[in-house]
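# Examining the three-dimensional arrangement
Read off the chains here:
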Amino acid sequence: MKPDLFQAPDYYNLDDLLTDEHKLVRESARAWVKREVSPIIEEYAQKAEFPKQIIKGLGEIGGFGPYIPVEYGGAGLDQISYGLIMQEIERGDSGVRSTSSVQSSLVMYPIWKYGTEEQRMKYLPKLATGEFMGCFGLTEPDHGSDPGSMITNFKDKGDHYLLNGAKMWISNAPFADIAVVWAKDETGRIHGLIVERGMEGFTTPETHNKWSLRASSTGELIFDNVKVPKENLLPNKSGLGAPLGCLDSARYGIAWGAIGAAMDCYDTALRYAKERIQFGKPIGGTQLQQKKLAEMITEITKAQLLTWRLGVLRNEGKATTAQISMAKRNNVDMAIHIAREARQMLGGMGITGEYSIMRHMMNLESVITYEGTHDIHLLITGMDVTGIPAFK
């Protein structure tokens with residue numbers, strides 16, 4: 001097992017913009033990733049299995065709902081701390097970060113923001129520690145980028161709701177204890193419902209044969225006349241804006257997380273370029289390899305500045321959906337290009353599990369698609385600057 005020698009690049013001294021608490025949170029997450037994730041992640045990716053034994057540790061480093069108030073079991077941290085945790089976790093693996101950010105932004109966030117006090121007290125403390133794991137049901141087999149056309153629905157049966165439908169590409173689904181599910185009522189209005197494992201008619205078949213996010217557990221959510229107690233409805237927000245508000249939080253975390261994957265690829269390529277001798281000197285001494293490395297660190301630095309500013313805006317309650325879309329799209333695109341360039345620098349070794357680059361590259365092919373595709377985020381920015389929607 002190769003030691004984790006990762007050293008984070010900070011070309012513009014961005015640490016000067018962070019508080020001591022930010023740096024402490026980041027270092028705690030970084031040390032945990034080096035100790036608990038790096039030594040095992042290649043094996044689990046090869047096996048296409050999520051390492052469930054890390055769940056408790058994810059909770060301990062604030063990987064589940066770090067910005068959730070302390071009274072509900074969260075750490076009460078700010079948005080930059082949340083971003084830094086996602087960065088460090090994704091530096092280890094995008095699939096592990098997916099588990100963390102789904103739990104934080106797509107399960108805990110809606111219960112905190114849209115739920116009742118009883119729901120918050122019942123679920124959030126256990127979700128914060130990882131005692132409960134959750135998933136988020138929005139995407140359907142026939143409705144991905146157009147979630148408003150969902151067909152999953154529920155009917156009022158007097159003392160309960162009757163839920164029918166299916167969701168697809170759901171991270172954490174196969175082992176989740178609860179699912180925050182978005183479905184239409186009899187008027188066509190979208191609401192969130194908390195569905196618990198064990199409810200009759202609720203199944204979560206696992207998705208197999210993935211070439212991406214192999215160390216993440218993905219599945220479906222099937223609802224066949226599931227009786228959902230009325231107290232499990234999230235009452236404080238409805239309409240498509242409710243799940244999209246959750247996606248804002250998740251996309252923000254991805255914008256930070258993608259930087260982690262990019263930094264790991266860059267750091268690996270830089271170290272390799274200094275050590276790999278060809279034609280009598282390190283390949284890092286050639287112009288083409290220096291060009292690649294210089295462009296990588298430039299793009300990482302730009303992404304770091306983008307997300308730091310976005311974090312400040314999030315802390316101030318000023319960040320817009322369009323601003324978050326820009327950061328998600330830019331940073332994932334940046335990371336996937338760096339992964340591809342870094343892979344070329346390592347030659348044949350770049351495709352092996354001895355290095356992390358190929359795993360990051362495959363993972364990022366999912367990250368560039370989920371939580372809003374690369375093209376959809378482009379159209380969100382286009383609509384924001386022109387005032388004209390171009391989705392249809």
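Analysis parameters
Along each chain, numbering runs from 1 in the same order as the chain's sequence is written. Selection of residues for local features in this predicted model requires a pLDDT of at least 70, selection of side-chain atom pairs for listing and counting requires 80 or more, and totals for whole chains, interfaces and linings are taken over all residues. Think of the side-chain values as coming from all heavy atoms in the structure, minus any hydrogens and water. Helix and strand labels come from DSSP, where a helix needs a run of H or I of at least four residues and a strand needs a run of E of at least two; each type is numbered from the N terminus. Partly exposed describes any residue whose relative accessible area lies between the buried limit of under 20% and the exposed limit of over 50%, with all areas from a 1.4 Å probe on protein chains only and scaled to the type maximum. Between two residues, a contact is recorded if the distance between any of their heavy atoms is within 4.5 Å. Here a polar contact is recorded for every N or O atom pair within 3.5 Å, except that within protein the pair must consist of a potential hydrogen donor and a potential acceptor, and residues adjacent in sequence are included only if both atoms are side-chain atoms. By convention, a stacked pair of Phe, Tyr or Trp rings (six-membered ring in the case of Trp) has centres within 6.5 Å and planes under 30 degrees apart, an edge-to-face pair has planes over 60 apart, and any other such pair is tilted. All axes are obtained by fitting lines to C-alpha atoms, using only the stretch in contact for helices, and the reported angles, taken between N-to-C directions, cover 0 to 180 degrees. Note: crossing handedness is left-handed where the near helix turns anticlockwise from the far helix by less than a right angle, and right-handed where it turns clockwise. Any angle that is under 35 degrees is reported as roughly parallel, and any over 145 degrees as roughly antiparallel; angles of 65 to 115 degrees are reported as roughly perpendicular and all others as oblique. Basically, the charged four are Asp, Glu, Lys and Arg, the nonpolar ten are Ala, Val, Leu, Ile, Met, Phe, Trp, Tyr, Cys and Pro, and anything else, Gly included, counts as polar.

On to the side chain of Thr207. Residue position: Thr207 is located in the loop between strand E6 (202-203) and strand E7 (218-229). Residue Thr207 is classed as buried on the basis of its relative accessible area, which comes to 17%. When near neighbours in sequence (up to four residues on either side) are disregarded, Thr207 contacts Trp169, Thr218, Gly219 and Glu220.

With that settled, consider the environment of Asn315. Relative to the assigned elements, Asn315 resides in helix H8 (residues 287-315). Between the C-alpha atom of Asn315 and that of Asp78, which follows or precedes it by 237 residues, the distance is 6.5 Å. Once residues within four sequence positions are removed from consideration, Asn315 is found in contact with Asp78, Gln79 and Ile80. Within polar-contact distance, the side chain of Asn315 engages the side chain of Asp78 at 3.2 Å.

On to the packing of aromatic side chains, then. On inspection of all chains with the given rule, the structure shows twelve aromatic pairs. Seen in terms of ring centroids, Tyr67 and Tyr82 are 5.0 Å apart; in terms of plane orientation they differ by 80°. Their pairing is edge-to-face. Placement of the pair is Tyr67 in the loop between helix H3 (55-60) and helix H4 (79-92) and Tyr82 in helix H4, with a sequence separation of 15 residues. By the burial criterion, Tyr67 is buried, and Tyr82 matches it.

A separate point is unusual backbone geometry. Despite not being glycine, Ala48 has its phi angle at roughly 55°, a positive value. If you trace the backbone, Ala48 turns up in the loop between helix H2 (41-47) and H3. Its relative accessible area of 38% is what places Ala48 among the partly exposed residues. Here Glu371, not a glycine, exhibits a phi torsion of approximately 60°, which is positive. For Glu371, the location among the structural elements is in the loop between helix H10 (357-367) and helix H11 (374-386). By relative accessible area, Glu371 is classed as buried at 15%.

With that settled, consider the packing of helix H5 (residues 94-114) against helix H7 (residues 241-275). Taken N-terminus to C-terminus, the directions of H5 and H7 make an angle of 145°; their axes are 9 Å apart at the nearest point. Crossing geometry of H5 relative to H7 is assigned as right-handed. Contact residues: H5 offers Arg97, Ser105, Leu106, Tyr109, Pro110 and Tyr114, while H7 offers Gly241, Ala242, Gly245, Cys246, Leu247, Ser249, Ala250 and Ile254.

Take the packing of helix H9 (residues 321-345) against H11 next. In contact at an axis separation of 9 Å, H9 and H11 are set at 140° when each is read in the N-to-C sense. Comparing the axis directions of H9 and H11 gives the class oblique. The crossing of H9 and H11 is left-handed. On the side of H9, the interface is formed by Ala322, Ser325, Met326, Lys328, Arg329 and Asp333, while H11 contributes His374, His377, Leu378, Ile380, Thr381 and Asp384. Here the contact of H9 with H11 is composed, by residue class, of four nonpolar, four polar and four charged.

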